[in-house]
Amino acid sequence: MMAAVRLLLRTGSSSSSFSCVHSGFGATLLRLSPSCSSRPKTQKRHAAHFTYQPDPVPAEYGPTVKMNLFQSVTSALDNRLATDPTAVIFGEDVAFGGVFRCTVGLRDKYGKDRVFNTPLCEQGIVGFGIGVAAAGATAIAEIQFADYIFPAFDQIVNEAAKYRYRSGNLFDCGNLTIRAPWGCVGHGSLYHSQSPEAFFAHCPGLKTGFFLCCGFLKACFHACAISFCFLCAVEQVPTEPYHIPLSQAEVVQEGSDMTFVAWGTQVHVMREVATMAQEKLGVSCEVIDLRTILPWDVETICKSVVKTGRLLISHEAPVTGGFAAEISSTVQEQCFLNLEAPITRVCGYDTPFPHIFEPFYIPDKWKCFEAVKRMISY
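Residues numbered from 1 in each chain as written. Predicted model: local features only at pLDDT ≥ 70, side-chain atom pairs only at ≥ 80, totals over all residues. Heavy atoms only, no water.

A count of helices and strands for the protein gives 13 helices and 14 strands. Intrachain contacts of the protein at a sequence separation of at least 6 include 81% that bridge at least 24 residues. Accessible surface computed for the protein: about 16700 Å², of which carbon and sulfur atoms make up 57%. (Helix = DSSP H or I, 4+ residues; strand = E, 2+ residues; numbered from the N terminus. Contact = heavy atoms within 4.5 Å. Areas by Shrake-Rupley, 256 points an atom, 1.4 Å probe, with all protein chains shown as cover.)

The structure is reproduced here in structure tokens:
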């Protein structure tokens, strides 16, 4: 089994929770400086730079129930603990539910030997997970934010990813899953908003994807992978266990004039852009959720580009060395004669993720829409 590490990145804290923090901070300023009271009370900053659009209710997996992504994660973890007696969940604060409340109630249900806290040491968390998985158990490690995964980089890239290869297939840690929230949250600044997926996409032996539903997470348990997720979604989720294949992109909206490729929260940005392009320009856009970037679904992307002749890729990570470059290179090699315009990337800038300038940094719908106009008029 190929050892791979899954990062599940969650983004998108609700605007209301952010407003509370912001309002509290503002109240402190008012007490310190009475002149601040003249500031209009209507000024607010919103966490989400997109409008969430729920997917159609899935019919192929049986009855469904409405869940947000927190509940969906909990459901997937609960199901794994119930069906796999070797499964353990560990990380900082997971015993009481974690900072995102995704493990609430699991310690009480399954015991402190199967759901437990660890020291604040990401290198130790992943190293422990490698040992647990190599011993034959299912290890589910949580990194509170993807930004904090870097201390564990050596364990992931040099140990987990190469464990099977260096032992000649005698050992593997393919049952290791690493969950971590990722991307722009509306107020996270440089230590809570990073998108590090491209670092891991360069390493053979890892599977790296983006968790948008519990079916994807359940599939991760069977193939060591890194999976990123965001937590603002409310969907109808099947009540029975189900799996979504890894490494398979999803065409969330069909079109004929242009292909959009994104993952995570940026998928919802691209869906808004597709609507704007149709209404304002009469341009039909196909929107693809890549889901997994290592390995990634080359066939689905290229098939779409052959049909549309244009490709726009968007992600929050910095543009230089971002995974959009890999997609662009591959599509250019395989679909060169089908392209009607240069492949375009709309991504983050090559700077640390800012705080007050976050609205200028993120690849929002207006930046993407401008790119659409340039491509259509090329």
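Here the narrative resumes.
Pairing within the open sheet is mixed, and its five strands lie in the order E9-E11-E10-E13-E14. The sheet terminates laterally at strand E9 (250-253) and strand E14 (344-348), the two strands that pair on one side only. Here the average twist between neighbouring strands, direction ignored, is 25°. The sheet contact formed by E9 and strand E11 (residues 285-289) spans three bridges and is antiparallel. (Pairing = 2+ DSSP bridges. Axes fitted to C-alpha atoms, helices over the stretch in contact; angles between N-to-C directions.)

Another point: unusual backbone geometry. The step from leucine 294 to proline 295 runs through a cis peptide bond, and the omega angle for that step is -10°. If you trace the backbone, proline 295 turns up in the loop between strand E12 (292-294) and helix H10 (298-308). In this structure, aspartate 93 takes a positive phi of about 75° despite not being glycine. Within the secondary structure, aspartate 93 is located in the loop between strand E2 (88-91) and helix H3 (106-110). You will see that asparagine 169, though not glycine, has its phi angle at about 70°, which is positive. Of note, asparagine 169 is situated in the loop between helix H6 (163-166) and strand E5 (176-181).

Attention shifts here to the pairing of strand E10 (residues 258-262). Within E10, five of the five residues are buried, leaving the element largely enclosed by the surrounding structure. Here E10 pairs with E11 via five bridges, running parallel. Paired with methionine 258 across the two strands is cysteine 285, which belongs to E11. Across three bridges, E10 lies against strand E13 (residues 311-318) in parallel orientation. Following the sheet pairing, valine 261 is matched in E13 by isoleucine 313. (Buried < 20%, exposed > 50% of the residue type's maximum accessible area, 1.4 Å probe, protein only.)

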